[in-house]
Structures are given as C-alpha cells and as structure tokens.
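# Geometric and topological summary
Next come the chains, spelled out residue by residue.
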Amino acid sequence: MLAATSTTMTTTLWYTIRATGVVALILLTLTTVLGLLSASRARTRRWPAFAQVDLHKRATLFALVFLGLHIVTAVVDTYVSVGVLSALVPFTSPFKTFWIGLGTISVDLLLAVAISSALRQRIAPRTWRGIHWLAYACWPLAMAHSLGTGTDAAQVWMDAIAAVCTAAVLVALVRRIGYQRTSRREQVRFGATTTAVPVRHRPAVGGDPAGRALADSATRTARPPTSTATNTATRLLERHPR
Amino acid sequence: MTTAAPPRSERLLRTSSSDGPVGPDLATHLSLHGPLAVPTRDDREWSHAVWSELAASGLTGRGGGGFPAAGKWDAVTRSGRRPLVVVNAMEGEPASAKDRALLTWSPHLVLDGAEVAAAVAGAKEIVVCVADDRDPSAGAVERAVLERAARPGGCPVSVVRPPARYVTGEESALVAWLDHRDARPALRVDKSVPLRLGRRPVLVHNAETLAQVALVVRHGAAWFRSIGTSDAPGSTLVTVSGAVARPGVLEVELGTPVDQLVARVEPTGPIAGLLVGGYGGAWLAPAHVGTPYAAGPLAAVGATLGVGVVVVVPTTSCGIAETARITRYMAGESAGQCGPCVFGLPAIAEDLEQLAGGRADAGVLARIERRCATVDGRGACRHPDGVVRMVRSAMAVFGDDARRHAAGHPCSGHDVATLFAFPVNRPAPGGGS
Amino acid sequence: MSRATPVRIRLRVDPVACEAFGYCAEILPERVALDEWGYPVIDGAPVPEALVELATRAAAECPRRALLLERVSAA
C-alpha cells in the first residue's frame, strides 16, 4: 500500500477514490445479481418480482452516483494523472492505461444502459433489450478494473469483498443459464407429438377422407343428371371418365 | 347476357349440361354461364350498381366468418389507395374439400368473382393463395389464369403457395405471410378496419364467396335469393364425410334440414353426433339433426355454420376419443403466439385423452370446463375459441359417454379407426418466442 | 353548466407480447389474476380512481409493454 504522502487533502482524495470505487462495485454487484434473478423469474411471496426490479433500478442509480464521485475525485487528484478524457474514452490514461481503460468501458456501457432505460417508453422494446444485453459486460469489467487498478488489491478485506461479489454473481448467473424457457413456438411442436389416443387412418390418399372423396368420384361412371327437385342437395362430382 | 340462369340447386359446380359433361376450360365456362363484361377502367356507375346488387343479395362470406361480403368492399374502397384482392383458397380445414372442388372444376367462376371485386374496389392486382401441398388445385388455377391472360385488359393474376398450416388461412395471417413471409394472425381490435400490405388495403375473400359473386353479378340478387331462406339466402358448398357411403362435396340450399343433407350421402349406421363447421366448429346431437343448415338455426342449438363441413360420427365410434384427437391436432396447429393457446390447448387435449381412455381422475370434467373457460377469448385470434366451442359442445352431445368414461369405463369405440384427417403438424411460423 | 363525462380507464393485455412475467398481478392483484400457466386474466371493468395510479405503474413495469390502458368513457 502506498503510504500517504504530501498533503492531507491528497490523502483524503485518495481514500475517497478507493472507497467510492469499492461501494460502486458492491452496488453494481447487487444490481447485476438482481437483474439475473428477475430474468430467471425468481420470486417469493415476500420478495415479488416487481420489487426486485425496482431495487435493481435504484441500486444502479446509486452505483452511478458513487461512480460519479469516484471519477471526479480520480480526475481532481493530482497524485495520479488521470485526465478528464480518460473518464469517458478508454485506454487514454497515462496511469495504468489498461486497467483504468477497463473501468472506462464499464462506465460507458452502464451509461448507455441507464439512458436507454430512462427513455424506455419512447424506444422500441427490442432496441431497449439489445442495449440492455451490454449490461452483462459491465460487472466483469468493473471487477477486473478494481483488481488491476486498486492499490488495495493485496489487502485481505478487499479480497474478501471481491470473493463474495464474485460468488454472488456466479450463483445468480448459473441460475439464469439454467432457466431457459422453451419459446412458445417450440412449445407448440413439443405439445403436438404425443398422441395418447391411437390414430389409425383408413388407407386413403394421404389419410384425407375429404380429398379421397374428391378423388373417388372422379372415376365413378357417368349418370344422367337427376331431376332438380326443390330443396334437395345435388350430388356432385359425377363425371364421365376421360 | 342471355344465358339462362342455372337450375335451382346446381349453381357453383355444374357437372353436366344438356350437351353432355362439362370441363373446367374457359370456352365451356362461357357457354355455361355466359360472358361477363367487367370494365377495365374505373366506372363508378357500374361499381355502384354491382355493389348495390351484392348488398341486396345478402351474400355472406363462405370462409367461416360469415360476414356480409358487401361490407368488406365498402371498407376497402373508402381507404383511398389502390387495394389488393386476395383469393383465399388455402382451405386449411382438413375435413373440407369444397375450395379444391371449385378450383378444379369451376376456376373461372372464382376468377370472375375476383375480377369483379377488383374492378369495384379499384384494385389492379389479384393474388390467388393455394396451400403448398395442393399442387393439383394450383395447377388448375394456373391453367385457368393462362387461358384468361390471352384476353385484353384483364387484371394481372398471380398464384402463390403459402405453407399449409391451419392458421395460414386466417385472413390476417395470410396477409402477414404475403407481407413478410410470417404467417401469424394479428390481434385485430376493430374488424371494420381493413387489413394492409404496407399501405395498400387488402380485400381477402374465400374462393367460394367470389364464385357466388360471379353468379350474383350475372343473374342478380333476386335470382340469388330465390333459394335458401330470407335470413340465409342462396346456396353453399358442404363437404360431408365420416361414416357415410358416398362422401363428397355437395351444393345445398341454405336452410335445408341437416338430416336431408346427410341422407344424400347415405350414412352407414346410427349416428352418435355430427361435427358441423370444421374442427373449430361444434358437435350436433342426433336429436337436433332436423335443424335447418343455416347460421341462425344452428347457433340456436349451440352449433355453428363455420366452414361448410359435416362429419358423421356413428355410434360405433367414440365421440370423446375423436374430440381428443381433434383437440390434440388443433393444439399442434397453434401459431405459438399466445400463452393461453400454446399451453391451454395441449392441457385440454391431455385431459380428453385420459378421459377417452377411462384413465382420468374424478375431477376431469370440471377441469376441462375450467380450462375451456380460461382459454376462451384470451388469444390474438379465434383459433382457441373455436376449439373451446368444439370441446364444450362435445361434452354436451356426448355427455353420457363422458360421465361413463370419467367413472373409469372406456367404450369399445376407443380403438375404432378415426374418421378425421390429421395432416402432420408443421412447426409454428416465425422466429423468436 | 355541464360536467364532462369522466374518462375511465380499463386494462387490456396484448396476448402476443405477453410473456408471463407476472409483475402486473403482483402490483394490481385487484384487477389481474394469473391462470395456471402464469398468464394474466384481466378483470375488464373500469379501474376505480383509487387504483388508477397502481394500474399506470403496472403498465409501465411490464417488461414487454403488454399491459395496456384503454380509455372508456363511462357514464
């Protein structure tokens, strides 16, 4: 761990950067886990699905607030040179270019997801869903960023937090993957194949009694037309053989 | 226009004339029915006269919907753009062969009707839809189209082959297929708003309806109404099959009592029930077999006119088993769009199969009714509604059998070969869920 | 002086869009029940004033925008 140097303000800023980063990571973990759970239709009587979704949205909002603080303090702090540009454009920071860059990408994706959700009623459902899939990348990038950039990486407490967050996301992910609803289209195919009552067709043209009737009558010998009595159905399909 | 009107009950499918057998070719058609002068340019007076005649005739759709034909034309002509006329000859109903018969033996009547509809509605294009497993019918229409192409000034007609599934014949599904090759019915809140292909309104009519139009335009509304009843005028085609000696397509006057209709095809034994209106229609009990074959009287006894289909089920078959098979087939024909249909229909089929086999638990009858009530009206189209109606009517008509089966006693009819056709269920259309 | 007819709203489901998430039934059980397969059964009666806010929220929460609010002018 780098010893606190220079001014007290730098130290305070330094702690703030790390602290807000860790809190943001925990909130991001929470929102990711909730998102995976509601996508896999996990619900109990005391934890209805809409409440999970509600918490998921609020956690994301709070994560964005803490991320904002994290970024601002990192830019303001002069000890490490992370410029304003690096906050939004990945891999432009002179300090730990790669690891900061991962964090930048994560924030960019998160902003895209958050903005599209804010505009959800105005955009097509498919567009919203497409952008939301990017959310899957947010958490792993954020975790990698914090382990690679964070100077607390060697500390036990940081390891513990990282381990718990990772475990939570993995469990939720496994549940999500295991929950694959058969699409309704496929459901129709499955439903049609079982026939508990045996269907034994008469030998016919393609098992089609109506079509067979049509075919049969074409070969019947001709008969003179019956007198057109009123209110009787007329026999059709009496044709002369060709 | 001096060709005499055809005899009373032989209008759509003429088997012979005084000169001998008739063929489906154009020359024979013209000598039988006379020429039909359809203006090649917009002619308001003619269009209005034809429309009035059609409205006066009271012709209703023959594809199962039963809506007044003139009403559809009204909605389409008011929309301002040149519409498209679609001839629906899909005939997804397995027990029906009438549209096939029309295309095979009177294709020119159908095409005449389409031309008239196009001229009145201001359309410049006609599309004939024939299912992709009906090559003979498609061939017959294509030959007829070629014969007509030689005449000047006609409306271009193309023949297309949508996939053969039950719901593809539903008009919004058919238009969806023409638009983007995805034959799934649409949720239609207001049926008076015409369907659209892009911006063009589409006028979809069953092949038989158009054939009737061709006759009304030639011989007039009064002639059309000279048979049938005042509420249900004219003739209609019915495919009668099942336990009968001479199954086939009959042309009947609307209002003919059902037993007279059935007597012509010579049933082979005592009747347990009749399926009327198609697989999504309703069962008719032997006690009601004297009901006139028309929409109103059939509805009054819990049945429906639907598509012109009557299947005769004898006492040697098991009505419950046949109902189970039909339900299972219809479940496999779902478009796969709506949960209640996708999950509800197979569940009802399962219950019926167990009931037919005498393996069901005590609450099965109540469960079937509960599931029917749950599924009814909760899909985007009327497919599940039809199945529910059919199942409920089966529980009424075969009620005694149902109760015996529920008590654990299947009947000997269980193993009798089915009287119904079940084409293999093809995968539901479209991508995604 | 005439009073305008109050505009009531009514709930409706788009059965094609619905994928049985069930949020609507959690938020507004007074008007939405779920069938045995998880799909909503809607009470089509107009929504009383007290429940309008919840109904609006239920429609907004639907992940597939399948729950719709319809205007019904009722006397």
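It should be emphasised that the depicted structure is a prediction, and the values quoted were computed from it without experimental measurement.

### Remarks on the domain arrangement of chain B
Residue and element names in this part refer to chain B.
- You can read the domains of chain B as domain 1 (16–224), domain 2 (235–314) and domain 3 (319–415).
- Its C-alpha centre places domain 1 at a distance of 26 Å from the equivalent point of domain 2.
- Between domain 1 and domain 2, the contact holds twelve residues from the first and 14 residues from the second.
- Here the side of domain 1 that touches domain 2 is built from residues that sort into four nonpolar, four polar and four charged.

### Here's the deal with the interface of chain C and chain B
- Each side of the interface is counted separately: chain C has nine residues, and chain B has eleven residues.
- Class assignment for the residues of the side of chain C that touches chain B results in six nonpolar, no polar and three charged.

### Quick notes on the sheet that holds strand S3 (residues 84–88) of chain B
Residue and element names in this part refer to chain B.
- The mixed open sheet is built from five strands, whose spatial order is S5-S4-S3-S7-S6. Across the chains shown, the open sheet's two edge strands, defined by having one partner strand only, are strand S5 (157–160) and strand S6 (195–197). Each neighbouring strand pair of the sheet contributes to a mean axis angle of 35°, computed without reference to strand direction.
- For strand S4 (residues 126–129) and S5, the ladder comprises four bridges, and the chain directions are parallel. Following the sheet pairing, Val-127 is matched in S5 by Ser-158.
- Across the sheet, helix H7 (residues 171–180) lies against S3, S4, S6 and strand S7 (200–206), angled at about 10° from S6, the strand it touches most.

### As for the packing of helix H12 (residues 319–332) of chain B against helix H15 (residues 383–397) of chain B
All names here are of chain B.
- One way to put it is that H12 packs onto H15 with a least axis distance of 10 Å and a crossing angle of 170°. Between H12 and H15, the angle is such that the two are roughly antiparallel. Contact residues: H12 offers Gly-319, Ile-320, Thr-323, Ile-326, Thr-327 and Met-330, while H15 offers Val-387, Met-390, Val-391, Ala-394 and Val-397.
- The residue makeup of the contact of H12 with H15, split by class, is eight nonpolar, three polar and no charged.

Quick notes on the rules
- Residues numbered from 1 in each chain as written.
- Chains lettered and ligands numbered in written order.
- Predicted model: local features only at pLDDT ≥ 70, side-chain atom pairs only at ≥ 80, totals over all residues.
- Domains from an automatic or database assignment.
- Contact = placed C-beta atoms within 7 Å.
- Nonpolar A, V, L, I, M, F, W, Y, C, P; charged D, E, K, R; others polar.
- Pairing = 2+ DSSP bridges.
- Helix = DSSP H or I, 4+ residues; strand = E, 2+ residues; numbered from the N terminus.
- Axes fitted to C-alpha atoms, helices over the stretch in contact; angles between N-to-C directions.
- Parallel < 35°, antiparallel > 145°, perpendicular 65-115°, else oblique.

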